[in-house]
Amino acid sequence: MSLEAIDTSFWLTKDKAWVQARKDEWPSIEVMLSQKTKKALNIIKQYYLKGKMPNWQALKEWENHDRHLDLFCFLWLHPSNDEAILYSLYREYMTSDLIQETDATTGYSLFKSSQIQTTTTRFKTMEGYRFPYLDGKGVTLFNVLYKDTDFAGVQMRKQLKSVERFQREGQRYLTANGYQDLFTFGKWLCLDVFLPGHEGFLLQYEQPFEWWYLSCKNDDGNFFNDESQGYDARKMIRDGGYKALYNIHYFDTEKEGDTCRTRFVHKIRKVLDEREFIADFKQMWLDVKAGNIEVEDAWQW
């Protein structure tokens, strides 16, 4: 297999109903990728509809931050949802000498931002939700992209041609954000209009949640004691952590009912009660539960 011509048997181009369904879906995909240029969207459209790969060589000198068929789009828009098939394609993409230096990092960035930060952002309707909405494929792609982060790191260093550039531009995409992801938990629980796009919040699921928990072990200094930050910045981070913990503790699960947010709240409360965290953070949680902390505008982010 090569990225010049992948197996296109997954594109059922002789099935008129399949082709029409794909065409009907494209306008929505185009809106979700509205940050891409028109040139990039034309390339992605041909891949989505027919499995046609980009002319990698012709695009070699085209410098564009958002790229075209980045790693995320390559996997997301492939017709298969089979994890083994997608992982094989992932390995081919990551080791190919056809891709450009930021095609992989752009893909990781778009996946991580669209499935974590964007799913906690306030939108009134799905028409205004102009970001990738994976409709259940998010965990599959997480398992593919984060199955072997050592391998991903090695390939990114090769692509970026520098350990320093990898540490500056690539490494952050391979780990969760530790305690700072608490802010996303709080924002997600405070959404008053809850749309299908919000339901895909990645960190609610088992494997991504464990990925987040492990990242906290490497984030103690950043969240609590980073002297490179001024007092105001450290205070803002600490206040945000208290607010998120307040949202978790006081989230009204009875009013919410049996939803993904209720299930997440039950899970994270148990984790905060029973698992290991540094003493400073544990005390924050105990203070919130004891009612010792006053939080201004607790349900507004």
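Before any of the text, the structure's been laid out above.
Here's what I pulled together on the structure shown here. (Residues numbered from 1 in each chain as written. Predicted model: local features only at pLDDT ≥ 70, side-chain atom pairs only at ≥ 80, totals over all residues. Heavy atoms only, no water.)

1. What about the layout of surface pockets?
And then number 1: For the largest pocket, the calculated volume is near 660 Å³.
And then number 2: What lines the largest pocket is a set of 30 residues, and nearest its centre among them are H65, R67, E101, T102 and T106.
And then number 3: Broken down by secondary-structure element, the contributors of at least two residues to the lining of the largest pocket are α5 (103-117) and α7 (149-160).
And then number 4: Ranked by the residues each element gives to the lining of the largest pocket, the list is headed by α5, at six residues.
And then number 5: For the second largest pocket, the calculated volume is near 350 Å³. (1 Å grid on protein atoms, 1.4 Å probe; cavity = no way out; pocket = protein on both sides within 12 Å on 5 of 7 lines; lining within 4 Å. Points joined across faces, edges and corners; volume = space filled by probe spheres on them. Helix = DSSP H or I, 4+ residues; strand = E, 2+ residues; numbered from the N terminus.)

2. Focus on unusual backbone geometry
And then number 1: Even without a glycine there, the phi angle at D135 is positive, about 50°.
And then number 2: Within the secondary structure layout, D135 lies in the loop between α5 and α6 (138-145).
And then number 3: Exposure remark for D135: the relative accessible area of 62% places this residue in the exposed category.
And then number 4: Despite not being glycine, D297 has its phi angle at roughly 45°, a positive value.
And then number 5: With respect to the helices and strands, the residue D297 is situated in the segment after α15 (279-289). (Buried < 20%, exposed > 50% of the residue type's maximum accessible area, 1.4 Å probe, protein only.)

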